[in-house]
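As a plain string of letters, each chain reads:
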Amino acid sequence: MTLFIKAKFSKLGALVALALSSACIPAIANDLPEHQTSNPWYSDAQSQLMQKLNTNNNFKAKNVILFVGDGMGISTLTAARILQGQQNNMLGEENNLSFEVFPHSALVKTYNVDAQTPDSAGTMTAMVAGLKTDVGVIGVDEDIERGDCSTLQGNEVTTALELAEIKGMSTGIISTARITHATPAATYAKSPDRNWEDVSDMPEDAVTAGCTDIADQLINFERNLESRFTGVDVDGIEVAFGGGRRHFLPRDEAFNSPDAASSTEGDRTDGRDLTAEWQEKYPQGAYIFDAAGFDSVDAASTERVFGLFNESHMQYEADRENDIAGEPSLTQLTEKAIDILDNNNKGFFLMVESGRIDHGHHAGSAYNALTDTIEFSNAVQKAMDMTNDEDTLILVTADHGHVFTIAGYPKRGNPILGKVVGVNSEDAATDANGLPYTTLGYTNGRGMMDLGSETNADVAYGMDINAGRIDLTLVDTNASGFHQEALVPLTSETHSGEDISLHASGPGAQLVQGTVEQNMVFHVIDQALNLTGSN
Ligand SMILES: [Zn+2]
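As the structure is a computational prediction, the values presented were derived from the model and not from experiment.

J.: Account for the sheet that holds strand E8 (residues 392-398), with residues named and values stated.
T.: Sheet architecture is open: 10 strands sit in the order E5-E6-E4-E3-E7-E1-E8-E16-E2-E17, paired in mixed fashion. Single-partner strands in this sheet number two, and they are strand E5 (286-288) and strand E17 (515-517). With direction set aside, neighbouring strand axes in the sheet form an average angle of 15°. Here strand E2 (residues 104-109) runs beside strand E16 (residues 500-505); their pairing, made up of 5 bridges, is antiparallel. Residue Ala106 lies in a different strand from E16, and its bridge partner there is Leu502. Sheet strands touched by helix H18 (residues 520-529): strand E1 (63-69), strand E7 (348-354), E8, E16 and E17. Its angle to E1, the strand with the most contacts, is close to 160°.

J.: Kindly report on the state of the cysteines, identifying the contributing residues and their values.
T.: Applying the stated rule across the entire model yields 1 disulfide. Paired by a disulfide, Cys149 and Cys211 hold their sulfur atoms 2.1 Å apart. Handedness here is read from the sign of the S-S torsion; for Cys149 and Cys211, about 100°, the answer is right-handed. Taken together, the positions of Cys149 in the loop between helix H7 (120-129) and helix H8 (160-166) and Cys211 in the loop between helix H10 (204-208) and helix H11 (214-219) put the pair 62 residues apart, joining distant regions of the chain. For the pair Cys149 and Cys211, one class covers both residues: buried.

J.: Could you give me a rundown of the confidence of the model for the protein chain, with the residues and numbers involved?
T.: Scored by pLDDT, the protein chain has a mean of 93; 94% of the residues are at 70 or more. Counting contacts from residues 1-24, a segment whose pLDDT is below 50, to residues more than four positions away or on other chains yields 15 contacts.

J.: So what's going on with the nonpolar core? Which residues, and what values?
T.: With 106 residues, the main nonpolar core has Leu66, Phe67, Phe241, Leu395 and Ile525 as its most contacted residues. In terms of residues, this core owes the most to one element, helix H17 (residues 366-386), which gives 9 residues. Here this core gathers at least three residues from each of two domains, domain 1 (63-403 + 495-529) and domain 2 (418-493). Beyond its immediate sequence surroundings of up to four residues, Phe67 is in contact with Thr334, Val352, Phe376, Ala379, Val380, Ala383, Ile394, Leu395, Val396 and Thr397.

J.: So what's going on with the environment of Tyr461? Residues and values would help.
T.: Structurally, the position occupied by Tyr461 is in the loop between strand E12 (449-450) and strand E13 (482-483). Relative accessible area serves as the criterion here: at 35%, Tyr461 is assigned to the partly exposed category. Counting along the chain gives 198 residues from Tyr461 to Ser263, while the straight-line C-alpha distance between them is 21 Å. Aside from chain neighbours lying at most four places away, what touches Tyr461 is His362, Ala363, Arg446, Thr491 and Ser492.

Reading the values: rules and limits
- Residues numbered from 1 in each chain as written.
- Predicted model: local features only at pLDDT ≥ 70, side-chain atom pairs only at ≥ 80, totals over all residues.
- Heavy atoms only, no water.
- Pairing = 2+ DSSP bridges.
- Helix = DSSP H or I, 4+ residues; strand = E, 2+ residues; numbered from the N terminus.
- Axes fitted to C-alpha atoms, helices over the stretch in contact; angles between N-to-C directions.
- Contact = heavy atoms within 4.5 Å.
- Disulfide = S-S within 2.5 Å.
- Buried < 20%, exposed > 50% of the residue type's maximum accessible area, 1.4 Å probe, protein only.
- pLDDT = per-residue confidence, 0-100.
- Core = buried A, V, L, I, M, F, W, Y, C linked by side-chain atoms within 4.5 Å.
- Domains from an automatic or database assignment.

Written as structure tokens, this is what we have:
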């Protein structure tokens, strides 16, 4: 009936309506054969449409959670949903990642102001500050000169996380990469170069000119924010979870954490221990660095927590159990963060990054990229379970894609990590030279690796580049240590310039539609939380 009423408002619909009324035949839907309307493809799509018609029209949210799958392009979503489905004994293609059932989505143009294919610094600045900027710079506009400290002043931009702090909301950042890495850094730091993670990464003249490293800016977030706005009094970021301890500790083995991987864990050349400085600033806060410390945090009574779980990036999800002192999963980090942040009745803003989807791809390992994507989907599911879609806007997106393809004509249910086997066939399809090939592959990168049961993709960086076609006849491409073939030999597989997706649920999600510039993400958050007071 709904279809009929809507049809009346189009020219074609008017003709249909006229024909129907004159002939007195039943409504259109009743004319469809039963085998069509009862077909699950048909009925599932129709019930999804009905759900959309019943969606409420509340545009204001109390809380916003921004999930960023770093490098999680659309082909990554497709392959990860198939892999997850196949792990659950389904054919796979019909499976959905948790956020793929969100009612609203959009395509997102990811380019930076000066780059056709972007990086995470420019893209995340766009998402959290509302404007595009140059590649490689953090929390600044395009008037910056990358790497030039003297161009910083006057070009800093304010982010959604900072505005949420100013509004009295609780704030949190989570990343499985180093907490000073581009994506998390863009929420709190202003830096002419994403690589200035600690003082030892900066040129001498930048230090002399007064620029500060990204780790320092995380520790001094509260002071820095208050200095940029007169009369503003904030209480600082409540939750920060990630890797990257080396940027917070002095280059002195006496400061090694109990589970340090290197002989000297810290990188800082200024002798400062920023973890100790943080604890002095926040004596009520908990600084933690391993699974036991994480488990000991009582979310109900903890007002502030700072967790650095690895010297560098946290482990790939598939490799997590090999960590020296144990690491929480992204799902566990998300759960604990929400439990702490939702103690504030003014609401919260939380950013959750799965940083290592990107790293799996760069190393040429679909297995690591996809298993981290599945864990990212689990973390989103946890957030959905813990919040109410009447008051919490959840946005799930990527910063950019990768040159990762799903190729050939594999039959339905063919193992996504496997070799292509065609419809009605039992044998692997072959290329023009008679060699089998995989469904998944990369346009560039280090090329094929047969590393058996290895679960750490980064091992590939210690191997020779092996691009081009390889005879895979005797290779188990379903093994965790298999790295897909690549056409163009490069030391590291690259990002792609194609659009990525944005998925939204909750108040304000209705605005996520069409094909948008990436900086639109900030404006959706601003609208939902009224951060700038402009709506
Ligand atoms: Zn990357």
